[in-house]
Amino acid sequence: MYRHLLRPALFRLDAEDAHHLTLRGLELASAVPGWPALARPLGAPGAPRLRQELWGHPYASPLGLAAGLDKNGVAVPAFAALGFGFLEVGTVTPLAQPGNDRPRLFRLPEDGALINRMGFNNGGAPALGRRLAALGRRPVPVWVNIGKNKATPNEAAAEDYLRCVRAVQAVADAFVVNVSSPNTPGLRALQAAGDLGALVRAVVAEVEAGRVRSLGRPPVLVKLAPDLHPADFEASVGAVLEAGAHGLIVSNTTLGRDGLTHPHREQAGGLSGRPLTARSTELVREAYRLGRGRVPVVGVGGIFTAEDAYAKLRAGASLVEVYSALIYEGPGLVRRINRGLDALLERDGVRSVAEVVGVDA
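Basis of the calculations
One numbering rule holds for all chains: residues counted from 1, following each sequence as written. In keeping with the predicted nature of the model, local features appear solely for residues at pLDDT of at least 70, side-chain atom pairs appear and are counted solely at 80 or more, and the whole-chain, interface and lining totals rest on all residues. Excluding hydrogens and water, the side-chain figures rest on all heavy atoms present in the structure. Here is the rule: rings of Phe, Tyr and Trp (six-membered ring for Trp) pair when centre to centre is within 6.5 Å. Planes less than 30 degrees apart are stacked, more than 60 are edge-to-face, and the remainder are tilted. Secondary structure elements follow DSSP: runs of H or I no shorter than four residues count as helices, runs of E no shorter than two count as strands, and numbering proceeds from the N terminus. Each ring is checked for a lysine NZ or an arginine CZ that lies within 6 Å of its centre and within 35 degrees of its normal; such an atom marks a charge sitting over the ring. Note on classification: 1.4 Å probe, protein chains only; a residue is buried when its accessible area is under 20% of the maximum for its type, exposed when over 50%, partly exposed between these limits. Should any heavy atoms of two residues lie within 4.5 Å, those residues are considered in contact. UniProt positions are given in the numbering used here, feature names are shortened, and annotations may be inferred rather than shown by experiment.

**Q** Tell me about the packing of aromatic side chains, and please be specific about residues and values.
**A** Summed over all chains, the structure comprises seven aromatic pairs. A centroid spacing of 5.7 Å and a plane angle of 80° characterise the contact between Phe11 and Tyr328, whose relative ring orientation is edge-to-face. Of this pair, Phe11 sits in helix α1 (residues 2-11) while Tyr328 sits in helix α12 (residues 324-329), and the two are 317 residues apart along the sequence. Taken together, the ring pairs in this structure connect Trp55, Tyr59, Phe86 and Trp143 into an aromatic cluster. One cation-aromatic arrangement involves Arg107 over Phe11; the distance from NZ or CZ to the ring centre is 4.3 Å.

In C-alpha cells form, the structure reads like this:
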C-alpha cells in the first residue's frame, strides 16, 4: 500500500512538506492511548536470535532509526511500535534554531538517495528533555544526538554539547556526539583528532558527573563522516577511543556525488541512501579493525534490505540504523529487515546476532 498509494501521493509534495506531514501523523498516533502498544506486535522483531545486550540495555533488534527523522522526539511511541530495537532522536542543540533556508531536502529517486542541508533545525534540548520525560517508561532505548548551535564558534563548542547533556541526561539512554554533519559551517573541523579528543573527554566527564541525577551512566558514542582521509579517520577513531567514548557511529552523510544521475545531484548538502552502502560498510570494517572490538560500532548508510544490514553486522557493526530507506520503502521496511535478518542467521546456523559481528572484518 505504501509503495503504490502513499508514496506516490507524498512524492508529489515538496520533500520537507511530506516529511512534516508524515511526522505529524505519527505524532498524533503516538498520542492515541494504547495505540502504540497495540500496534507494536505488528512490527516487533520477536526473534530471540536478534536480541542482545549492549551497555547494560537489552536490544530486541539490532535495527534502529537514525537521527534526523524525528529531531524533536515527537513520535517516539509510534516509531517504537514499528519494531525498531532503538531510536536516535535529534540532532538537538542547546537553543532552538530554525536551520538553513528552504528548500533544504531533496529526493533523488533514481539513485535511491536524499540530499539534505537542514542545518540542525530543532526545538532545543530542554524541550526534548521535557517531551521524553513526559513519556515515562519507553519500550526501546532512546538515544539523543547532540550538536552545537550555528552561532557558536568552534572554540566554544564544547559548552554547547555539555548544555545538551545536562538538559536531557535524566531521559537519554545514550548520547551521540555529532561532529560530522556537513550542514553547520565549521562543524566537521571538530573531527580533527586533538579537538575531538578534548570534546569527547569533556562530554564523557559530564555524563559521569551526572550519574546520580540520571540513575545511571548513558554511553557516549561519536558519529564520524565518510569523507575523512584514511589517515584522518584512523586518527579520529584513536582519539575517540582514547578519550573514553563507548561507541562509534559510522557514518554520517557524504559530500561525494560519484555515480549520481538525478538532476538534484548538484544540490549542496549531505547525501544519504544507496550511494553510501558500500562506503559505509567499508568504514564499519575499518572502525572495527581499529577499535579491535573494544567498543561497539553502529553501521548506518544505504541499508535497504536485510542483506545490507547483515553485511554491516558481519563487517563489525553491533547495531545498524536506517533513514533514507524508510522514506522510499515505508514502515514495512522494519519488519522486512527484522524477518530477513532472522532468516539469514538461521541459514548460517547462528544462535545470536552478536556471534556474527565482525566475522568478515
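**Q** If you had to explain the environment of Val177 to someone new, which residues and values would you point to?
**A** Looking at where Val177 falls in the secondary structure, it is placed in strand β8 (residues 174-178). Taking relative accessible area as the criterion, Val177 reaches 0% and is therefore assigned buried. Sequence separation of Val177 and Glu242 is 65 residues, and the distance between their C-alpha atoms is 15 Å. Leaving out residues up to four positions away in the same chain, Val177 has contacts with Ile146, Tyr161, Leu199, Val203, Val220, Leu221, Val222 and Lys223.

**Q** Outline the UniProt feature "binding site: substrate" (unreviewed entry) in the chain, supporting the account with residue identities and numerical values.
**A** According to UniProt, the feature "binding site: substrate" (unreviewed entry) maps to Lys71, Asn116, Arg117, Met118, Gly119, Phe120, Asn178, Asn183, Asn252 and Thr253 in the numbering used here. Tracing the backbone shows Phe120 in the loop between β6 (113-116) and α5 (125-135). Setting aside chain neighbours within four positions, we find Phe120 in contact with Thr91, Thr93, Gln97, Gly147, Lys148, Asn178, Ser181, Thr184 and Leu187. If you trace the backbone, Thr253 turns up in the loop between β10 (247-250) and β11 (270-273). Those residues in contact with Thr253 that sit more than four places away from it in its chain are Asn116, Pro182, Arg188, Pro226, Asp227, Gly270, Leu271, Ser272 and Leu276.

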